[in-house]
Amino acid sequence: MARGMARLVFRSVVVLGLFLAPALAAQVDPPWTLHSVAAEAERLRDGRRAAAREVEQVAAYYSIAQGQNTDLYLLNLISDPVGVEVSVVNPAGQRLGLGTFTVAANQHTVLSLRKWLGSTSEEFSEGSLWLRYLGDLDTVQAWAVHREGDQKFEVPLVSPEELGGQELLSFWAAGAGARAQQYLVNVSAVPVQIVVTEGNEASVRQRFSGTLDPGEQLALRSRQARGWMRVLFDGPEGALLGAGFLMESVAVAVAPLIWSAPGNSDIEDVVHIAVRLPEGKSQLAIFNPTQETLEIEVQRLWQSTGQDVETRSLHVGPLAVGLFEMDPPPLLLGGQRLRLAAKSPFRVSGYSVLSSGEIVDLAFFTGSSAHAAGTYPIPSLEQNQVTHTLVNLADTEARIVAQVYWDGGTYSLEPFVVAPHSAHEIDFSTLAQEQRPDLLGRELPSTFAGGFFKWLARGTESALIGRAEVRPRAGADSFGFNCFGCCWAMPVGIVIPQEVEFLPGQTVNFTSAFNEETCSGTMGPFQTVPSSISSPWPFSWNGASLSATGAAYEDLTFNSTEVETRVSCLTRQRPVLGLGRGQTCKLLLKKSHDLTSFWTMSAACTAQVGDRPADKKCSSCLECCGKQKANLLCKKKNPSVVDRDFQLCQGHCYTDRC
């Protein structure tokens, strides 16, 4: 992504992550106010609008041939609608425009290429997928979700300007009869000379030498059970984009193949993480791109705690691909994930074969792609089971705030903590079924038709790996989404509700909270723990509930500290100030209750409920005593005398009406 943010070129491509700088504890600015945050947020949005330019994104592969289909997921991450021009390019380089689709602010849409190609589907049954829009690299995220039979996998779209180098690598390993299908597309504006070499432990041979014109796609198929391909090309750096997948048989598509450019990240970052190890037998393909035998440590870890289950040492020869099998994890002891590490560069991919026969590919991430924020589509919950897993690779806990956006609403999750080296999982279907209200009383609808999920780490944590997994309820396979990056975020303190009116002696909800004003709009509110509270007498406030012992009309304030994320993606501590107002005694009692000028409280409350139904007399009498007590306190009568009369009033109710 722009400004050093990581974007996956293909599923688990090695990418550079942005590590946020430590919070500047010594530099504490004055607290944000509602007005100052609104003004600053609009200034930043105006600057982004003024700097908008044409951005292009490409997926190297799509297909609607022979029962296959590709759906395009478009996610708009800003608070303005975005028009996205969609085109397909066939293998010969011919382009067909499908139109411009407007994606509403903070929303997502799904387009079926089969539907939109229509009568032109034969000429453009496969090829590459291209987008154009006005904005920046972080305005729109897009994925092509490919379906072949019951199997599915996703291909993130990437901007050609994010690519680099003049070399690409891919690798694979599977059982006998496997077939690797791979595709290369020239995403530059000039012809590119390329040389493709294929190798395995036994031999190395040249597969292709020639020219790819702009937009032209080259298909490469191999029936070797394991191997690798290296592509060298001239012309502009990053001129080629690759994609591919592995097939165990003619009818079953499995793990996507990795095409990536070797670079410094290979040398500096040799740790790979699999977010989840499915409950099936797993196969790992590990590619050693060096000229020396490579020793790799493979660890199984408990998903919930990060504790070690099993550690193995594996060896892979020079320029070779190793195939390693792992037994299924125990079904009843909790989930597991994998961690692979070595002292030299390597690549890894893999998949698991479940007892049902379903083949699920493993999502691997490099340690350097850990991040402090993420955004993911959530398809329809009526049609899909959607879960999100967040893994904390750090030695310190990570505090997380998160929000769901959809057409017509938002929902703020309760802030949560991910312990060191542990994982946190969110099941959105369960969240929708629970109908648990947030601080504003909003709920995630059980008929959720689609939207997206956004989380932010509150602090300096940049060692988090996140992935959303989607399992269609009517299908057999799952696919998922990864998106890393950061977005400016400004915390502002608020009190919920802003103003509350109640009677002395009552206790009401009065919550200290904060919103995050971000590039995607407002996130929140989220509850915060005050460092200090201003609660004038007769009010008593603990940051969550408010009570009063007499008549008053006062402002109540709190101070706390939250984290500001700047445009540069650096973070620092920022004080927040919240202001609310409490008032008592403005609620008027019914005239029939206000008899204490002539009668005692007891006489008033036992007499005035005489015409109530028998089953209501007791509760009405006791309610009257409470209201009369509040009324007298509002009139600033002596509290001890009022409390004595209140006790007598309750006693008469129990004697006469209960």
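Only a predicted model underlies this, so the values are computations on that prediction, with no experimental measurement involved.

The rules we used
- Residues numbered from 1 in each chain as written.
- Predicted model: local features only at pLDDT ≥ 70, side-chain atom pairs only at ≥ 80, totals over all residues.
- Heavy atoms only, no water.
- Pairing = 2+ DSSP bridges.
- Helix = DSSP H or I, 4+ residues; strand = E, 2+ residues; numbered from the N terminus.
- Axes fitted to C-alpha atoms, helices over the stretch in contact; angles between N-to-C directions.
- Salt bridge = Lys/Arg side-chain N within 4 Å of Asp/Glu carboxyl O.
- Buried < 20%, exposed > 50% of the residue type's maximum accessible area, 1.4 Å probe, protein only.
- Expected span 1.5 Å × (residues − 1).
- Arc of directions from axis to C-beta.
- Contact = heavy atoms within 4.5 Å.
- pLDDT = per-residue confidence, 0-100.
- Core = buried A, V, L, I, M, F, W, Y, C linked by side-chain atoms within 4.5 Å.
- Disulfide = S-S within 2.5 Å.

(A) Here's a closer look at the sheet that holds strand β34 (residues 479–481). Pairing is antiparallel across the open sheet formed by four strands, whose spatial order is β31-β27-β33-β34. Two strands in the sheet have a free side with no partner beyond their single neighbour: β31 (423–427) and β34. Taken over all neighbouring pairs, the strand axes of this sheet differ in orientation by 20° on average, direction set aside. With five bridges connecting them, strand β27 (residues 384–392) and β31 associate as antiparallel partners. Looking across to β31, one finds that Leu-390 is bridged to His-424.

(B) Fine view of the pattern of salt bridges. Under the defined criterion, the tally for this structure stands at 27 salt bridges. With its nearest N and O atoms 3.1 Å apart, the salt bridge here joins Asp-71 to Arg-147. Taken together, the positions of Asp-71 in strand β2 (residues 69–76) and Arg-147 in strand β7 (residues 140–148) put the pair 76 residues apart, joining distant regions of the chain. With a shortest N-O distance of 4.0 Å, Glu-562 and Arg-399 are connected by a salt bridge. Separated by 163 residues along the polypeptide, Glu-562 in strand β43 (residues 553–565) and Arg-399 in strand β28 (residues 398–406) bring together distant segments of the chain. A residue is classified by how much of its surface remains accessible, and Glu-562, at 4% relative accessible area, is buried.

(C) Representation of unusual backbone geometry. Here the amide bond leading from Ile-496 into Pro-497 is cis, since omega sits at -5°, within 30 degrees of zero. Cis geometry marks the peptide bond from Trp-537 to Pro-538, where omega comes out at 10°. Along the chain, Pro-538 falls in the loop between β40 (532–534) and β41 (539–541). With phi around 55°, Gln-435 is a residue other than glycine that occupies positive phi space. Within the secondary structure layout, Gln-435 lies in the loop between α4 (428–434) and β32 (450–457).

(D) Quick peek at helix α7 (residues 639–656). Taking 1.5 Å of rise per residue, the 18 residues of α7 would be expected to cover 26 Å, and the 25 Å separating its terminal C-alpha atoms lies within 8% of that figure. Within the sequence span of α7, burial applies to Val-642, Phe-646, Cys-649 and Cys-653. Projected onto a plane normal to the axis of α7, the buried residues spread over an arc of 65° and lie on a single side. When the buried face of α7 is taken as reference, the exposed residues oriented beyond 90 degrees from it are Ser-640, Tyr-654 and Thr-655. Check the buried side of α7 and you find it contacts α5 (601–607) and α6 (614–634).

(E) The arrangement of α6 in detail. Helix length check: α6, at 21 residues, gives a terminal C-alpha distance of 31 Å against a target of 30 Å (1.5 Å per residue), a fit within 8%. Among all positions in α6, only Lys-617, Ser-620, Cys-621, Cys-624, Cys-625, Gln-628, Ala-630, Asn-631, Leu-632 and Leu-633 are buried. Looking at the packing, one finds that the buried side of α6 touches α5 and α7. Looking one or two places after α6, you find Lys-636, whose phi comes out positive at around 65°.

(F) Representation of the confidence of the model for the protein chain within the structure. When the pLDDT values of the protein chain are averaged, the result is 82; 87% of them are 70 or greater. Overall, residues 1–27 carries pLDDT values under 50, and its contacts beyond four positions in sequence, including any with other chains, amount to 115 contacts. Every residue in residues 588–598 is under pLDDT 50, and counting partners more than four places away or in other chains gives 15 contacts.

(G) Summary view of the environment of Phe-484. Structurally, Phe-484 is set in the loop between β34 and β35 (489–496). Separated by 18 residues in sequence, Phe-484 and Gly-466 place their C-alpha atoms 8.1 Å apart.

(H) How the structure looks around the nonpolar core. Of all hydrophobic cores here, the largest spans 44 residues; its most connected members are Ile-400, Val-404, Phe-428, Leu-444, Phe-453 and Trp-455. Per element, the largest residue contribution to this core is seven residues, and it comes from β28. Beyond its immediate sequence surroundings of up to four residues, Trp-455 is in contact with His-371, Ala-372, Ala-373, Gly-374, Tyr-376, His-388, Leu-390, Ile-400, Val-401, Ala-402 and Leu-464. Counting residues in hydrophobic clusters, the runner-up holds 42 residues, among them Ile-78, Leu-113, Leu-137 and Ala-144.

(I) Just the environment of Val-275, in detail. On the secondary structure map, Val-275 appears in strand β17 (residues 271–277). Sequence-distant contacts of Val-275, that is, excluding residues within four places in its chain, are made with Gln-303, Arg-337, Ala-363, Phe-365, Thr-389, Val-391, Ile-465 and Arg-467.

(J) View of the state of the cysteines. For the coordinates displayed, the defined rule picks out five disulfides. A disulfide bridge connects Cys-487 with Cys-519, and the sulfur atoms are separated by 1.9 Å. Taken together, the residues Cys-487 in the loop between β34 and β35 and Cys-519 in the loop between β38 (511–518) and β39 (521–527) connect sequence positions 32 residues apart. There is no split in this pair, since Cys-487 and Cys-519 are both buried. Each sulfur in the disulfide pair Cys-618 and Cys-658 lies 2.0 Å from the other. Its torsion about the S-S bond being 85°, the disulfide of Cys-618 and Cys-658 is classed as right-handed. Taken together, the residues Cys-618 in helix α6 and Cys-658 in the segment after α7 connect sequence positions 40 residues apart.

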